[in-house]
Amino acid sequence: MKFHKTITYKIKNLIPMMAIAGATLLPPACCKVEREKREPHHNTTYVWGKYNWDAVWPADKVAASADSTLVDNVFLLNDGASWEGSSTTAVLMQLTPIIESVKPENRYKIRGAGILYNVAQSTTEQTHKDSIKLAQMGFKFGRIY
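Residues numbered from 1 in each chain as written. Predicted model: local features only at pLDDT ≥ 70, side-chain atom pairs only at ≥ 80, totals over all residues. Heavy atoms only, no water.

1. So, the pattern of salt bridges
Opposite charge on two side chains permits pairing when their charged atoms draw close.
Right, so step 1: Following the criterion strictly, the structure yields two salt bridges and no others.
Right, so step 2: Linking Lys50 and Glu84 is a salt bridge whose minimum nitrogen-to-oxygen distance equals 3.9 Å. Taken together, the positions of Lys50 in the loop between β1 (42–48) and α3 (60–67) and Glu84 in the loop between β2 (71–78) and α4 (88–100) put the pair 34 residues apart, joining distant regions of the chain.
Right, so step 3: Residue classification places Glu84 among the exposed residues on the basis of a relative accessible area of 52%.
Right, so step 4: Here Glu125 makes a salt bridge to Lys129, at a shortest N to O gap of 3.2 Å. Taken together, the residues Glu125 and Lys129, both in helix α5 (residues 125–137) and four residues apart, mark about one turn of the helix. (Salt bridge = Lys/Arg side-chain N within 4 Å of Asp/Glu carboxyl O. Helix = DSSP H or I, 4+ residues; strand = E, 2+ residues; numbered from the N terminus. Buried < 20%, exposed > 50% of the residue type's maximum accessible area, 1.4 Å probe, protein only.)

Here you go:
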């Protein structure tokens, strides 16, 4: 009877020790799979212009990029073509639907890039405000009428 109790006691102690020893083998395998799934963060750039809207319209592509957790910034790079005297208000009005297609919490990712050539800025307060907004987005201005 004493022999049976000794074996039972040893087996009861051995099972938890085996579980602990086996558990140390699992985390490296799990972490390795998790590390392989990670992708690097990046920026996305869309080139557009007065007569070049294919990359940014429909705006769902821009919205999907901005809503992605892997994308840090979405650059709307102007192609440098002349705006032929269009006002800064007109430029901003054309960009607004694209910006508004992005969820409000991700709109901070939208950045302007490139030079807006031959835009007009009248003496109205609205065109002045719109030119400031475009500059704050990151756009530069070439010749201004």
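2. Topic: the nonpolar core
Right, so step 1: Among the nonpolar cores identified, the biggest contains 24 residues, and Trp48, Leu95 and Ile110 are the most heavily contacted of them.
Right, so step 2: At the level of secondary structure, the elements contributing two or more residues to this core comprise β1, α3, β2, α4 and α5.
Right, so step 3: Counting residues per element, this core draws most heavily on α4, at five residues. (Core = buried A, V, L, I, M, F, W, Y, C linked by side-chain atoms within 4.5 Å.)

3. A closer look at the packing of aromatic side chains
Right, so step 1: In total, this model carries three aromatic pairs according to the counting rule given.
Right, so step 2: Taken together, a centroid distance of 5.1 Å and an interplanar angle of 40 degrees make the contact between Trp48 and Trp53 tilted. An identical accessibility class is assigned to Trp48 and Trp53; each is buried.
Right, so step 3: Ring centres of Trp48 and Phe139 lie 6.0 Å apart, and the angle between their planes is 85 degrees; on these two criteria the pair is classed as edge-to-face. Of this pair, Trp48 sits in strand β1 while Phe139 sits in the loop between α5 and β5 (140–141), and the two are 91 residues apart along the sequence. For the pair shown, Trp48 and Phe139 are each scored as buried.
Right, so step 4: An aromatic cluster is built from Trp48, Trp53, Trp83 and Phe139, whose rings are joined through pairwise contacts. (Phe/Tyr/Trp six-rings, centres within 6.5 Å; stacked < 30°, edge-to-face > 60°.)

4. Brief notes about the pairing of β2
Right, so step 1: Bridging between β1 and β2 involves six bridges; their strand directions are parallel. Paired with Val47 across the two strands is Leu77, which belongs to β2.
Right, so step 2: You can see the chain leave β1, run along α3 and come back into β2, and the turn it takes is right-handed.
Right, so step 3: Taken together, the four bridges between β2 and strand β3 (residues 110–113) define a ladder with parallel strand orientation. Among the inter-strand pairings, Leu77 is bridged to a residue of β3, identified as Ala113. (Pairing = 2+ DSSP bridges. Right-handed = clockwise from strand over helix to strand, strands pointing away.)

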